[in-house]
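Coordinate inspection notes
Each chain is listed here by its residues.
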Amino acid sequence: MKKDFILPDIGEGIVECEVVEWLIKEGDTIKEDQPVCDVMTDKALVQIPAVYDGVVTRLYYQKGDIAKVHAPLFEMELASTAPAAAAVAPQPTPAAASGTVLEDFILPDIGEGIVECEIVEWLVKEGDVLAEDQPVCDVMTDKALVQIPAKHAGKVVKLHYAKGDIAKVHSPLFQQQIEGAAGTAASAVSAPAAVCPLAAKTAAAPVVFVGSGKAVASPAVRRLARELGVDLTKVQGSGDKGRVYKQDVQAFTSGASPEVKAAPAPAAAAPATSTGTGGSRKEPIKGVKAAMARQMMESVSTIPHFTYCEEIDLTDLIALRLQLKDQYAKQGVKLTMMPFFMKAMSLALQQFPILNSQVNADCTELTYFDDHNIGIAVDSKVGLLVPNIRGCQEKSILQIATELTKLTEAAREGRVSPADLKGGTITISNIGAIGGTVATPIINKPEVAIVALGKTQQLPRFNANGEVEARSLMQISWSGDHRVIDGGTIARFTNLWKSYLEQPASMLLSLR
């Protein structure tokens, strides 16, 4: 029986794709799950697998043609007839007979607007037994590192992606054998194979590249190769069966040719120097770093920035913190300087609400926020993240300290939740933790102001009696949106904020 292979859904919003390469030709005999062609969408290179065994009778597109989703891709003569398939279908599978069922774990929504992610690390392997809610893998979006937990207890049968692959949201991530679901399994196999949705069958297949005289590489690696202009067939892979990894592509671009790796020259012919000069390497900007690059570019190109710098004497505040530090450490509270900065800022914002506002795109309207959601820029292992402490105006210094410790620890590991990254109203960047003194921070759009804290320095200053003494001083640098904030406003705001920090007693008296 002849049957058309219908091109399934290959990505959210994708309606067409380019046929990059046919891996079969008319007259070929193909097997179920055998790759038949590579297609290119506007997002990625995808490989389409066969759904049935059979013989290819007609290819509806040539290399380079644009194929439509849900339209016939090629025609094939099925290896078995429909009646034979129906006769086999009602037979219970070993899984059903033993009270188990095979189920695909569907990658859930992992953030607003996120449609794909990179597999950073598998925390399980095929054959492992999972517990409910056990972490199975770490994935990287363009916002954060996210850990995916198991939904059910069971056994891992198949991982649909390799480390470094790009996984699609709402597509199968791994296959799992679940105990005690014989009824579900029986109902699943009772339907004839001929009526199984083609799209579901194709979506469940791993998106990997195999054989047919082509380089073995994941979509992420192929995307990198295209960006660098590298022919993958000329790159020697270091993985199993010659699989090409990202580091192989990067090594190739830096001059490590496969010929050199496969057949090194004799020792006598080796040059006197062991290393060369003038090399280079390229790597794509992606994930959090790519998101930050877009955000910063948009901020500086649409917001007229101005900078205001000031010096704050923290001598008395440091003494107060040292006095309280050990006492609260016994209660499990890590009391740093930052909670004092955040609470003092919240107190100052009550008198200068314009710094806690946001302006619309055409600069015709300001939105003032009652909550002071103060963000803190964190240098994480995945890039710059800006989680925020919500409602600082209602929190004590100790409450802010407790939340801040949890939030910064999670952010440094790249595991901060997407909810904690949204809704900020003003931001603090602590460059002094690394060693800087003065900066020109870029506003975290759509906020209207950001401050960079410099390092604390012991410097000589004159006291009220004209005597020179050592004081603990910090340089702070503000950037403001000059469309809605002028220099006088930010100077007056800073003076109030500074007074709370230089005279901690006045801050404590202002607390409600």
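Residues numbered from 1 in each chain as written. Predicted model: local features only at pLDDT ≥ 70, side-chain atom pairs only at ≥ 80, totals over all residues. Heavy atoms only, no water.

This paragraph deals with the sheet that holds strand 10 (residues 116-122). What the four strands build is an open sheet, ordered 13-12-10-15; its pairing is antiparallel. The sheet is open, and its two edges are formed by strand 13 (145-149) and strand 15 (166-168), each paired on a single side. Adjacent strand axes in the sheet meet at a mean angle of 45 degrees when their direction is disregarded. Taken together, the three bridges between strand 10 and strand 15 define a ladder with antiparallel strand orientation. Opposite cysteine 117, over in strand 15, you have alanine 167 as the bridge partner. (Pairing = 2+ DSSP bridges. Helix = DSSP H or I, 4+ residues; strand = E, 2+ residues; numbered from the N terminus. Axes fitted to C-alpha atoms, helices over the stretch in contact; angles between N-to-C directions.)

Further remarks concern unusual backbone geometry. Following lysine 445, the chain continues to proline 446 via a peptide bond in cis, the omega torsion being 15 degrees. Even without being a glycine, histidine 70 presents a positive backbone phi close to 70 degrees. Structurally, the position occupied by histidine 70 is in the loop between strand 7 (66-68) and strand 8 (72-78). Taking the relative accessible area as the measure of exposure, histidine 70 reaches 52% and is therefore exposed. With phi around 55 degrees, cysteine 363 is a residue other than glycine that occupies positive phi space. Following the sequence through the fold, cysteine 363 ends up in the loop between strand 18 (357-359) and strand 19 (366-368). Residue cysteine 363 is classed as partly exposed on the basis of its relative accessible area of 33%. (Buried < 20%, exposed > 50% of the residue type's maximum accessible area, 1.4 Å probe, protein only.)

Here we take up the packing of helix 10 (residues 338-349) against helix 11 (residues 397-412). The N-to-C vectors of helix 10 and helix 11 enclose an angle of 125 degrees; their axes lie 9 Å apart at closest approach. With respect to each other, helix 10 and helix 11 are oriented oblique. Two packed elements cross with a definite hand, and for helix 10 against helix 11 that hand is right-handed. Residues Met338, Pro339, Phe340, Met342 and Lys343 of helix 10 form the contact with helix 11, whose participating residues are Ile397, Ile400, Ala401 and Leu404. Of the residues assigned to the contact of helix 10 with helix 11, the class counts are eight nonpolar, no polar and one charged. (Parallel < 35°, antiparallel > 145°, perpendicular 65-115°, else oblique. Left-handed = near helix turned anticlockwise from the far one by under 90°. Contact = heavy atoms within 4.5 Å. Nonpolar A, V, L, I, M, F, W, Y, C, P; charged D, E, K, R; others polar.)

Turning to the side chain of glutamate 75, a few remarks are in order. Its place among the elements puts glutamate 75 in strand 8. An unpaired buried charge is present at glutamate 75: no salt bridge exists, and lysine 2, the closest side chain of opposite charge, is 4.2 Å distant. A polar side-chain atom of glutamate 75 sits 2.8 Å from a polar atom in the side chain of threonine 57. Discounting residues that sit within four places of it in the chain, glutamate 75 has contacts with Lys2, Lys3, Asp4, Val55, Val56, Thr57, Arg58 and Tyr60. (Lys, Arg positive; Asp, Glu negative; His and termini not counted. Salt bridge = Lys/Arg side-chain N within 4 Å of Asp/Glu carboxyl O. Polar contact = N/O pair within 3.5 Å; in protein donor to acceptor, adjacent residues only side chain to side chain.)

Inspection of the entire model under this criterion finds 14 salt bridges. Across the pair glutamate 310 and lysine 498 runs a salt bridge, and its minimum N-O distance is 3.8 Å. In this pair, glutamate 310 is assigned in strand 17 (residues 305-313) and lysine 498 in helix 12 (residues 487-502), connecting sequence segments 188 residues apart. Take glutamate 310 and lysine 498: they sit in the same class, and that class is buried.

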